[in-house]
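Residue-level structure breakdown
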Amino acid sequence: MLYNKLSDYLKKKYGERVQRLPINAGFTCPNKTGIRGNGGCIYCEETGSGFASLSPKTPIAEQVKFMMERYKGRANKFMAYFQSNTNTYAPHMY
Ligand code: SF4
């Protein structure tokens, strides 16, 4: 099966590696809260898949700054994204 890796796409588009920065906004998942199911997927940690993420109590701007510092040796360009559970499942959505 052929597919395009996001990292390859970003490198081609921006001319160099783009490091993704996992940001934790405190979202949960409908497969854990009982809205769609309970227990979540078998491979998902209780806190979601963002093992590298900071606490959601840390302001997002601080998380971005921290992550840029953490990965500064790997890339010059960065892209923040919401990790840890489902990034479209904010509390106001249900
Ligand atoms: S966050 Fe994603 S992987 Fe984890 S339980 Fe929800 S749907 Fe599954």
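The text that follows walks through the structure, step by step, so that each part is easy to find.

Reading guide: rules and limits
- Residues numbered from 1 in each chain as written.
- Predicted model: local features only at pLDDT ≥ 70, side-chain atom pairs only at ≥ 80, totals over all residues.
- Helix = DSSP H or I, 4+ residues; strand = E, 2+ residues; numbered from the N terminus.
- Buried ≥ 20, exposed ≤ 12 C-beta atoms within 10 Å, placed from the backbone.
- Contact = placed C-beta atoms within 7 Å.
- Near = placed C-beta within 6 Å.
- Nonpolar A, V, L, I, M, F, W, Y, C, P; charged D, E, K, R; others polar.

**Brief notes about the overall build of the chain**
- In terms of regular secondary structure, the chain is built from 3 helices and 2 strands.
- Judged by the C-alpha coordinates and their principal axes, the chain covers about 45 × 40 × 20 Å.
- Within the chain, the fraction of its 94 residues that count as buried is 12%.
- Within the chain, contacts between residues separated by at least 24 positions form 82% of all contacts whose residues are at least 6 apart in sequence.

**Some thoughts on the site of the ligand**
- What surrounds the ligand is the set Cys 29, Asn 31, Lys 32, Gly 40, Cys 41, Cys 44, Gly 48, Asn 85 and Thr 86.
- Residue composition of the shell around the ligand, by class: 3 nonpolar, 5 polar and 1 charged.

**Structural notes on the environment of Asn 85**
- Residue position: Asn 85 is located in the segment after strand E2 (77–82).
- On a C-alpha basis, the gap between Asn 85 and Leu 6 in space is 20 Å, while along the polypeptide they are 79 residues apart.
- Leave out the neighbours within four places in its chain, and Asn 85 touches Phe 27, Thr 28, Cys 29 and Gly 48.

**Description of the environment of Ala 25**
- By secondary structure assignment, the location of Ala 25 is in the loop between strand E1 (18–23) and helix H2 (30–33).
- Note on Ala 25: 15 C-beta atoms within 10 Å, which makes it partly exposed.
- In this structure the C-alpha to C-alpha distance between Ala 25 and Thr 58, which are 33 residues apart in sequence, comes to 8.7 Å.
- Look past the residues within four positions of Ala 25 in its chain and what remains in contact with it is Pro 56, Ile 60 and Phe 82.

**Re unusual backbone geometry**
- Phi is positive for Ser 84, close to 55°, though the residue is something other than glycine.
- Tracing the sequence through the fold places Ser 84 in the segment after E2.
- For Ser 84, a count of 24 C-beta atoms within 10 Å corresponds to the buried category.
- Its identity is not glycine, yet Asn 85 carries a phi of approximately 65°, on the positive side.
- In this structure Asn 85 comes out as buried when scored by C-beta crowding, with 27 C-beta atoms within 10 Å.

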